[in-house]
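So you can see what is in the structure, the chains are spelled out below.
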Amino acid sequence: NKFGGVNIVLFISILGLIASFLFLKRDNIRKGSLKIFATVVGVALFSIILLVTNISFGFLGEIPTRNDPLKELSSALNNYNSEIIETRWSTFGRVDLVKFLDDDKSMYLFIDGAAGTEMNKFDGNIKNTYDNMEFLENHLTGAFPFLLLKENEKNNMLIIGPGGGREVLLGLVNKVGNITAVEVNKDFVDIVKDYKNYNGGIYNGGIYTDFKNVDVIVREGRDFIRNTKDKFDIIMLTIPVTKSSRSIEGYALTENYLLTVESIKDYFNHLTEEGRIIVALHNSAETMRFVTTSLEALERLGLDNKAAMERIYTVGEEMMPLVVLKKNPFTIEESNEIHDSMHSLGLDTAQTYIPHIEQQIQNVKQEDGTTMTYYMFNNSLVDLSKGKINTKDLVKSVYFNIKPVTDDRPFFFDNQPGIPNNLVSLLLFALLVNLCVIIPPIKSWKAQKNFTKLMLLFLFLGAGFMMIEISFFQKLTFYLGSPTISLAIILTSLLAGMGIGSFTSRKIYDGQNIKKLVLSSFLIFIIATGLFFTIPFIMNSFSQTSILNKSMITSLLLIPLGFILGIPFPTGINLTKEMGLESSVPWLYGINGTMSVLGSVLALTISTTLGFTASLILGTLCYLAIALIFKFGKQAN
């Protein structure tokens, strides 16, 4: 957080050089080694001086941005007259603030070059008018629900992911009584506060600092909602994509738990009787997915589809639509008011759905003699509200994936049916690499006794460990909040436990490697499976404690698992020696490595299609397979 990405890279490099001293010291009496030692010390000292100098003066500059069409930051810099005016680093990622040189009305904040959020120029003069708030005209869909609210329906508001503060402004100009804004990225909050003269005016102060009815909290949204007793008239989320990685292999770091069945239940239970959830999304496909996910959530709360559809309306065109979910059903009068307002503003489109309003159909004869049917509203949602189709029928009727999203499979923004295309490419590539590593040497080893069993051992160890590790990472990210903090804690705990387990494994059943391998593999199957299913109950009991305490609890849970995970690999190496196949160790090590890559891709593939639980179970079954192979397989002498 303090020294930034460039300096941390330098610091880690220095640690690597210092670590090499451990090996050079023992040999420094040998001829020439003193010169090597002096060289390494000299390089280390130079690096330290370079680090201190760069911390003081920053002469190395910032890591440059890549020209990537998938990154909104790249698009902003390439397509507009703009520049990065500030960069900050944290465990959450790198934040860039971009200023548009030809238009001073807004600036944008980006996290790792993606998920842009707008910070609007505001003079601090709150009026019940949009004349001086051009950003509301540009985002009228998001402002629409506020036009219909009565005074008793906007006493308080929760914004999850306010970013640059646009939704906070939306609440202020609409005279919402109290606004609670929960943002997971501290750098976003700090930058908005630091630029308070821009977003609040010189005399009135910033929207995050000087408005008494605005409370900004740095916390993960689900963690906040699960631990607050407050209820809200409005809960608002605007495209809540928390992206701290946007590479094609980065699913583990890109998804959040803000738009799942369980999250909608949490929001719904924290609404006042007149309250509503307002969600802005990218496109109509996401609208349909949010509707199916909401229906599943409300069904778990005891409401059937017909009752649920009386609480929902959608507004907007194909891009940037809005869904509103109300605690209690909309009355006929409310629906008529919604429809009239939409029509007067030109917001009623074929994507729209409003309860109680009858569908209008128009058949237009084309020049070629065919007849084209036009619907006033989204006909699928209308049919759903009337009971003509159910949720499963709706899911099957579209070519994209709109299945309800759960905490076990929270990939809301992945709407490709089946396995995502980019994962298919990765999966095929990983399979090809494994075939190239495994098949060529088989001919020279297949005549050796116990060869097949040893090959399967290292194959299952590589794939099984990665699937278990990634599944635990996804599960615990939900409770720890920050994906980068979760990764650090989980890796540290597992690797520390594995190091201890590997070191002490020689003393466990000394000389009985097969028995040790069978027992440890079976224990991994039992402990990992049991722990995975008990973690929710354990972490929920400590949900209101600090991130430090949650981290300590996580480590206490994972270190014992890591200890057991550390036993099979060195035991397998000892088995190769015991069976006279020690010369195959480099190749078996290679199999383990390439299978780890395949296991990572398999974990992502299974998680996106079947869920994290399925990925974990497959990983633990790899260890069960090892136990069964060496327990019941015939041993060759």
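For the structure, check the block above.
Residues numbered from 1 in each chain as written. Predicted model: local features only at pLDDT ≥ 70, side-chain atom pairs only at ≥ 80, totals over all residues. Heavy atoms only, no water.

Caption draft 1: Just the pattern of salt bridges, in detail. Evaluated as defined, the whole model comprises 20 salt bridges. Its salt-bridge partner being Asp194, residue Arg88 comes within 2.6 Å of it at the nearest N-O pair. Here Asp194 lies in helix H7 (residues 186–194) and Arg88 lies in strand S1 (residues 82–90), a separation of 106 residues in the sequence. Judged by its relative accessible area of 52%, Asp194 falls in the exposed class. Measuring nitrogen to oxygen at the nearest pair gives 3.4 Å for the salt bridge that ties Arg300 to Glu296. Pair noted here: Arg300 and Glu296 are both in helix H12 (residues 284–300), with a separation of 4 residues, about one helical turn. Residue classification places Arg300 among the partly exposed residues on the basis of a relative accessible area of 42%. (Salt bridge = Lys/Arg side-chain N within 4 Å of Asp/Glu carboxyl O. Helix = DSSP H or I, 4+ residues; strand = E, 2+ residues; numbered from the N terminus. Buried < 20%, exposed > 50% of the residue type's maximum accessible area, 1.4 Å probe, protein only.)

Caption draft 2: The sheet that holds strand S8 (residues 232–238), seen in detail. The 7 strands lie next to each other as S7-S6-S5-S8-S9-S11-S10, forming an open sheet whose pairing is mixed. In this open sheet, the two strands that pair with only one neighbour each are strand S7 (214–218) and strand S10 (312–315). With direction set aside, neighbouring strand axes in the sheet form an average angle of 15°. The pairing of strand S9 (residues 271–280) with strand S11 (residues 322–326) spans 5 bridges and is classified as antiparallel. Across the sheet, residue Val279 finds its bridge partner in S11, namely Val323. (Pairing = 2+ DSSP bridges. Axes fitted to C-alpha atoms, helices over the stretch in contact; angles between N-to-C directions.)

Caption draft 3: The arrangement of the packing of helix H19 (residues 451–480) against helix H22 (residues 547–565) in detail. Between H19 and H22, the shortest axis-to-axis distance is 12 Å and the interhelical angle comes to 165°. Our classification of the angle between H19 and H22 gives roughly antiparallel. In the packing of H19 onto H22, the handedness of the crossing is right-handed. On the side of H19, the interface is formed by Phe465, Phe472, Leu476, Tyr479 and Leu480, while H22 contributes Ile547, Lys550, Ser551, Thr554, Leu558, Leu561 and Leu565. Broken down by class, the residue content of the contact of H19 with H22 amounts to 9 nonpolar, 2 polar and 1 charged. (Parallel < 35°, antiparallel > 145°, perpendicular 65-115°, else oblique. Left-handed = near helix turned anticlockwise from the far one by under 90°. Contact = heavy atoms within 4.5 Å. Nonpolar A, V, L, I, M, F, W, Y, C, P; charged D, E, K, R; others polar.)

Caption draft 4: Spotlight on unusual backbone geometry. The backbone phi angle of Asp112 is positive, close to 50°, even though this residue is not glycine. Residue position: Asp112 is located in the loop between strand S3 (106–111) and strand S4 (114–120). When its relative accessible area of 24% is taken as the criterion, Asp112 is described as partly exposed. Positioned with a positive phi, Met320 is a non-glycine residue whose angle comes to about 55°. Residue placement: Met320 occurs in the loop between S10 and S11.

Caption draft 5: Geometry of the environment of Thr594. Inspection of the secondary structure assignment puts Thr594 in helix H24 (residues 585–609). Thr594 sits 18 residues away from Phe612 along the chain, and the two C-alpha atoms are 22 Å apart. Every residue in contact with Thr594, bar those within four places of it in the chain, is listed here: Val433, Asn434 and Val437. A distance of 3.2 Å separates a polar atom in the side chain of Thr594 from the backbone oxygen of Ile591. (Polar contact = N/O pair within 3.5 Å; in protein donor to acceptor, adjacent residues only side chain to side chain.)

Caption draft 6: Local environment of the packing of H19 against helix H20 (residues 483–504). Interhelical geometry of H19 versus H20 gives an angle of 135° and a closest axis separation of 9 Å. Here H20 runs oblique to H19, going by the angle between their axes. The two elements H19 and H20 cross, and the hand of that crossing is right-handed. Between H19, through Phe465, Glu469, Phe472, Phe473, Leu476, Thr477 and Leu480, and H20, the contact on the second element is made entirely by Pro483, Ser486, Leu487, Ile489, Ile490, Leu491, Leu494 and Met498. Here the contact of H19 with H20 is built from residues that sort into 12 nonpolar, 2 polar and 1 charged.

Caption draft 7: Here's a closer look at the sheet that holds strand S2 (residues 93–100). Pairing is antiparallel in the open sheet, where 4 strands are placed in the order S1-S2-S3-S4. Only two strands of the sheet have a single neighbouring strand rather than two, namely S1 and S4. Taken pair by pair, the neighbouring strands of this sheet meet at an average axis angle of 25°, ignoring direction. Relative to S4, S3 is paired through 5 bridges, and the arrangement is antiparallel. Paired with Ile111 across the strands is Ala114, a residue of S4. Relative to S1, helix H3 (residues 72–79) is tilted by about 155°, and along the sheet it contacts S1, S2, S3 and S4.

Caption draft 8: Representation of H7 within the structure. Along H7, the residues that are buried comprise Asp187, Phe188, Val189, Asp190, Ile191 and Val192. With a side-chain oxygen lying 3.1 Å from the backbone nitrogen of Asp187, the N-terminal cap of H7 falls on Asn185.

Caption draft 9: Representation of the pairing of S3. Of all 6 residues in S3, 5 are buried, a share of seventy percent or more. As paired strands, S2 and S3 are joined by 5 bridges and run antiparallel to one another. If you follow Leu97 over to S3, its bridge partner there is Leu109. Following S2, the chain reverses through 5 residues before pairing antiparallel with S3. In this antiparallel pair of consecutive strands, S3 and S4, the connection spans 2 residues, and Asp112 shows a positive phi of 50°.

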